[in-house]
Amino acid sequence: MLCLACHHPDTKVTDSRLAGDGLAVRRRRMCEKCGFRFSTYEEHEILNLTVVKRNGAKEPYAKEKLESGIKKSFQKRPITDENFRMLVSHIEQDIEMLGESEVTTSDVGEIVMKHLKEIDDVAYIRFASVYRSFKDAESFRKELKSLDPRSRAPKKQQRTRKNMPRRKNPRFKKIKK
Ligand SMILES: [Zn+2]
């Protein structure tokens, strides 16, 4: 990577450590010519993935779009930048685990909802209400009910979507309502 100060092509990595929960790397770099120090943050990136929208239109996958949709659901909710990054990163992992070069917006939506449900009921219900555009009051009520801890246990056993392994991340503490 070019030096930010003098654009010299050789910079030396002086320190390298895992960030988030190990899915990203933060590196300290030093320019070999002028000695300028800076850091970089590297995380994996989804490339060559096409998203098929409800109307059949296709567009290249864009992380920013995913993030902005999720961010709206977390408005005024207590989530740190670090946890937000981890959340997005876990969602992207699941998208990649579908192993497809094309995914539908509803594939992505279901994955997002699965993760939101694990960490914040309010964000989940906001996202779900936009995404599923609840047809009627009854389906909305059912969804709210599914968040009730007393009705949660049996629901979990039904979750077998596309034989995806369900990853429990102990680092995520559920945010209280
Ligand atoms: Zn330099």
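Everything here concerns the structure above.
Sequence order sets the numbering: in each chain, residues are counted from 1 along the sequence as written. This being a predicted model, a pLDDT of at least 70 is required before a residue's local features are given, and a value of 80 or more before pairs of side-chain atoms are given or counted; all residues contribute to the totals for chains, interfaces and linings.

Focus on helix α2 (residues 81-97)
Applied cut-off: Helix numbers and strand numbers start at the N terminus; a helix is a DSSP run of H or I with at least 4 residues, a strand a run of E with at least 2. Multiply 1.5 Å by the residue count of a helix minus one, and that product is the helix's expected span. Each residue is classified by how many other C-beta atoms fall within 10 Å of its C-beta atom, where C-beta atoms are placed from the backbone; a count of 20 or more means buried, 12 or fewer means exposed, and values in between mean partly exposed.
Helix length check: α2, at 17 residues, gives a terminal C-alpha distance of 24 Å against a target of 24 Å (1.5 Å per residue), a fit within 8%. Looking at α2, one finds that the buried residues are Met86, Leu87, Val88, His90, Ile91, Glu92, Asp94 and Ile95. Just downstream of α2, Gly99 is the residue with a positive phi angle, here 70°.

Details of the sheet that holds strand β6 (residues 102-104)
Heads up, the condition is: What makes two strands pair is DSSP finding at least two bridges between them. Each axis is a line fitted through C-alpha atoms, taken for helices only over the stretch in contact, and angles between the N-to-C directions span 0 to 180 degrees. A residue pair is marked as a contact if its C-beta atoms, positioned from the backbone, fall within 7 Å.
Spatially, β5-β4-β6 is the arrangement adopted by the three strands of the open sheet, whose pairing is mixed. In the strand order of this sheet, the two ends are held by β5 (58-60) and β6, each with one partner. Pairwise comparison of adjacent strand axes, ignoring direction, gives a mean angle of 30° for this sheet. Sitting on the sheet, helix α3 (residues 105-119) is in contact with β4 (50-52) and β6, with an inclination near 70° to β6.

Points about the environment of Thr40
With respect to the helices and strands, the residue Thr40 is situated in strand β3 (residues 37-43). In this structure Thr40 comes out as partly exposed when scored by C-beta crowding, with 14 C-beta atoms within 10 Å. Between the C-alpha atom of Thr40 and that of Val25, which follows or precedes it by 15 residues, the distance is 8.1 Å. Excluding anything up to four places from it in sequence, Thr40 contacts Met1, Arg27 and Arg29.

Quick word on the pairing of β3
Looking down a regular strand, the side chains alternate between one sheet face and the other. In this structure, strand β2 (residues 24-31) lies alongside β3, joined through seven bridges in antiparallel fashion. In the sheet register, Ala24 faces β3, and the bridge partner there is Glu43. What sits between the antiparallel neighbours β2 and β3 is a turn of five residues, in which Gly35 has the positive phi angle 80°.

Notes on the nonpolar core
The criterion, for reference: Put simply, a nonpolar core is a cluster of buried Ala, Val, Leu, Ile, Met, Phe, Trp, Tyr and Cys residues tied together by C-beta atoms within 7 Å.
Ile91, Val112, Met113, Leu116, Tyr124 and Phe127 are the most contacted members of the largest nonpolar core, which has 18 residues in total. Elements supplying a minimum of two residues to this core: α2, α3 and α4 (121-131). Among the elements that make up this core, the one with the highest residue count is α3 (six residues). The contact partners of Leu116, leaving out residues within four places of it in the chain, are Ser73, Ala123, Tyr124 and Phe127.

Here we look at the packing of α3 against α4
Formally: Angular relationships are summarised with four words: roughly parallel below 35 degrees, roughly antiparallel beyond 145, roughly perpendicular across 65 to 115, and oblique for the angles in between. Take the far helix as the reference: if the near one is turned anticlockwise from it by less than a right angle, the crossing is left-handed, and if turned clockwise, right-handed. Three classes are used, and their members are as follows: Ala, Val, Leu, Ile, Met, Phe, Trp, Tyr, Cys and Pro are nonpolar, Asp, Glu, Lys and Arg are charged, and the others, Gly among them, are polar.
Running from amino to carboxyl end, α3 crosses α4 at an angle of 160°, the nearest separation of the two axes being 8 Å. Taken together, the axes of α3 and α4 lie roughly antiparallel to each other. In this structure, α3 crosses over α4, and the sense of that crossing is left-handed. On α4, the residues touching Gly109, Val112, Met113, Leu116 and Lys117 of α3 are Ala123, Tyr124, Phe127, Ala128 and Tyr131. Among the residues forming the contact of α3 with α4, the class breakdown is eight nonpolar, one polar and one charged.

Digging into the packing of α2 against α3
Contact pair α2 / α3: the axes reach a minimum separation of 10 Å and the direction vectors enclose 140°. Taken together, the axes of α2 and α3 are oblique relative to one another. In this structure, α2 crosses over α3, and the sense of that crossing is right-handed. Residues Leu87, His90, Ile91, Asp94 and Ile95 of α2 form the contact with α3, whose participating residues are Val108, Ile111, Val112, His115 and Ile119. The residue makeup of the contact of α2 with α3, split by class, is seven nonpolar, two polar and one charged.

Let's talk about the environment of Asp21
Relative to the elements of secondary structure, Asp21 occurs in the loop between β1 (11-19) and β2. Judged by C-beta crowding, with 16 C-beta atoms within 10 Å, Asp21 ranks as partly exposed.

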